[in-house]
Amino acid sequence: MNEGRDSSLGRSRRRKGVIPAIRRLGWPLVEKTYFLGTFARFCWMIAARVPGCLKRPRLVWVQVYHLGTLSLPIIIVAGLFIGLVIGLQFHTILDRYGQTQVVGAAVAIALFRELGPVFAGLLFIGCSCTAVTASIGLKRSSEQFAAMEVMAVDPLEREIAPRFVAGALCLPLLTVILLAVAITGTYAIVVLQIGMDEGFFWGNMQRFTKFFGDFTEGLLKSVVFGVMSSAIALYHGYSARPTAEGVARATTNTVVYASLTLLGLDFVITSLLAS
Amino acid sequence: MSDTAVEIKNLRFSYPSRNVQILHGIDIHVPRGAIVALMGGSGSGKTTTVRLITGQYPIPAGSSVVVDGEPIERLDLAGLYRLRLRLGMLFQNPALFTDLPVGENVAFPLREHSQLPDATIRDLALMKLHAVGLRAAAARYPSELSGGQQRRVALARAIAFDPKILLYDEPFAGLDPVSLTIIAKLIKELNEHLGSTSIIITHDVEQTFEIVDLVYLMWQGKVIASGTPAEMRASADPIVSQFIHGSADGPLPFHLPGSDYRRDLRLADAP
């Protein structure tokens, strides 16, 4: 009813005409280009400070502890359910072809190459990366970084770089834990519940699963995902508007951008390794 | 060593994100060892001036800010960080590190920049907290303290490294009368005992005039008057007089300049 009447209270009205319409079309492109440019610059600034922060390993270990413990419970619970479901599904499918003896190997290959790093990555983004974005955004909005700078302490080296290194270290560790728990879940459902022979389960898993190939491919993915998701989380926190809405938006952006980038990178890495 | 701690000449400034000129060519001279107050209404550019002194924003061409003998505009990042080791600043917002206890907040600059043993750093942090009356809160987190107590912790952190130049952005805001008197006395004593120089942004005329040597009165990005507290009190300038006495009537406007009030309310006979 009052639409367009109260511009003096700060509500903006949508301008009509050809030029504003072209502007509205072009603005997202400008925004995305700006984002890519500033993100690349931010990554370079972090990379330049990693050697400095590695001289103080305690700062990194503190962050590894925080990020790792934040995601560990959900990684363990999710890993167990993933293992149970995948084991059950593979057993049901392979039973149609009378190949249930390779269910352990099939589950292990699927988990090592694809499901383990992707699930661990998505859970890490949801748990730890969002916390990183929110904490960095709040520190920036409450001028904690400005206070550090005035005390001649570089916040990028003291706060950002340790979190980046910790994220890159944590995700591979969490992935390995998720894999171990998921395999245990599969063992529980296929061997203990359904009654498959334990020797076939472990024997075929050892026989058909390659350490260099299956396991290392998954580990490589988790390292790349860890680096990428940490950088995206830190960037969004560091560039968040210093308001409650700004930090909330930055946290949402972290989940959206990091998850989509993870899935895209998963395809790229799989394609490169397959070729 | 020069007799000047801070020398600002023709300082003009506007924020890159906002197309508004904040400072219009101000000149400020802070003698070494003095306590200088920057006073003025909200939005007159006092905090921006102090931030420019600490090099938080780039100094525009044609302006000059010399701090402890070093021109800020010519310093690279490493040079700026070396200079900041000689500065201490109390922010308007306490800006305490929320993930560290109060004691560690105060110890932070010592841990970062000194090779002192842990026990010495602990003792120094406790002494600084004792000076602001919060030694008993050393193990608490900033979120467990009131706003006024947080400001006192921030003050203890600002003086932790015994800086040569101290910048206080509203040190008396949110303090009860007792704390206010003690903090004002502390600022005075620090200047005398450490031989430091202090720049205080404040609106508290009475308390400030008791401890400062020099006052700069700012209005809308300009220095409109300066002098000793006695000179300011004796000033016949209507702006100075209105500010010092806090009168509602006078040349200093209360309202932000804007469009016509009657027109905004859409009154029928508005022009």
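Quantities reported herein were computed from a predicted structural model and do not represent experimental measurements. Numbers given for residues are sequential positions, taken from 1 along each chain in its written order. As a convention, the first chain written is A and the first ligand written is 1, with the rest following in written order. In keeping with the model being predicted, local features are shown solely for residues with a pLDDT of at least 70 and side-chain atom pairs are shown and tallied solely at 80 or more, while totals for entire chains, interfaces and linings include all residues. Side-chain descriptors were evaluated using all non-hydrogen atoms of the structure, hydrogens and water having been removed beforehand.

### A short note on the confidence of the model for chain B
In predicted models, pLDDT denotes the confidence assigned by the predictor to each residue on a 0 to 100 scale. Considering every residue of chain B, the mean pLDDT works out to 90; 98% of them sit at 70 or more. If you check the scores for this complex, the pTM reads 0.87 and the ipTM reads 0.87.

### Describing empty space enclosed by the protein
Points on a 1 Å grid, built from protein atoms alone, make a cavity when a 1.4 Å probe fits but cannot get out and make a pocket when they are open with protein on both sides within 12 Å along at least 5 of 7 lines; residues with an atom within 4 Å of a point are the lining residues. Grid points are joined across faces, edges and corners, and a volume is the space filled by probe spheres set on the points. According to the stated counting rule, one finds 3 cavities of 30 Å³ or more in the structure shown. One number sums up the size of the largest cavity: a volume of about 160 Å³. Lining the largest cavity are 16 residues, and of these A:M151, B:L87, B:G88, B:R157 and B:A158 sit closest to its centre. Looking at the lining of the largest cavity, the elements that each hand over two or more residues are α4 (144-150) of chain A together with β6 (87-90), α3 (102-113) and α5 (147-158) of chain B. As a volume, the second largest cavity reaches approximately 50 Å³. A:L67, A:F124, A:C129, A:V132, A:R163, A:G167, A:S230, A:A233 and A:L234 are the residues that line the second largest cavity. Under the DSSP-based scheme used, a helix requires at least four consecutive residues in state H or I and a strand at least two consecutive residues in state E, with every element numbered from the N terminus. Elements supplying a minimum of two residues to the lining of the second largest cavity: α3 (103-141), α5 (155-194) and α7 (211-238) of chain A. Polarity classes work like this: nonpolar for Ala, Val, Leu, Ile, Met, Phe, Trp, Tyr, Cys and Pro, charged for Asp, Glu, Lys and Arg, and polar for all others, with Gly in that last group. The residue makeup of the lining of the second largest cavity, split by class, is 6 nonpolar, 2 polar and 1 charged.

### Thoughts on the environment of B:E104
As for its position among the elements, B:E104 is in helix α3. Taking the C-alpha atoms as reference points, B:E104 and B:K46, separated by 58 residues in sequence, lie 30 Å from one another.

### Considering helix α6 (residues 177-194) of chain B
All names here are of chain B. A helix is expected to span 1.5 Å for every residue after the first. Relative to the 26 Å expected for 18 residues at 1.5 Å per residue, α6 spans 25 Å between its end C-alpha atoms, a close match to the ideal helical length. Throughout, exposure labels follow a simple rule: accessible area from a 1.4 Å probe, protein chains only, divided by the maximum for the residue type, with under 20% read as buried, over 50% as exposed, and the rest as partly exposed. Every buried residue of α6 is listed here: S179, L180, I183, A184, L186, I187, L190 and N191. Axial view of α6: buried residues confined to an arc of 155 degrees, hence all on one face. Opposite the buried face of α6, at more than 90 degrees from it, the exposed residues are P177, V178, K185, E192 and H193. In the analysis that follows, any N or O atom pair within 3.5 Å is treated as a polar contact, provided that within protein one partner can donate a hydrogen and the other can accept it, and provided that, for residues neighboring in sequence, both atoms belong to side chains. Capping the start of α6 is the job of one residue whose side-chain oxygen sits 3.1 Å from the backbone nitrogen of V178: D176. Immediately beyond the C-terminal end of α6, within one or two residues, lies G195, with a positive phi of roughly 70 degrees. Relevant arc is that of directions from the helix axis to the C-beta atoms, nothing else.

### A closer look at the interface of chain B and chain A
Chain B puts 21 residues into the contact, and the matching count from chain A is 19 residues. Here the quantity called buried area is the total loss of accessible area, with a 1.4 Å probe, experienced by two parts when brought into contact, counted for both. Summed over both sides, the interface between chain B and chain A buries roughly 1,800 Å², with carbon and sulfur atoms accounting for 54% of that surface. Here a salt bridge means any side-chain nitrogen of Lys or Arg lying within 4 Å of a carboxyl oxygen belonging to Asp or Glu. The interface formed by chain B and chain A includes 4 salt bridges. Put simply, A:E143 and B:R51 hold a salt bridge, and the shortest N to O gap is 2.3 Å. Across the chain B-chain A interface, the total number found is 7 residue pairs in polar contact (both at pLDDT 80 or more). Top contributing element to the side of chain B that touches chain A by residue count: α3(B), with 4 residues. Contacts are assigned to residue pairs with any non-hydrogen atoms lying within 4.5 Å of each other.

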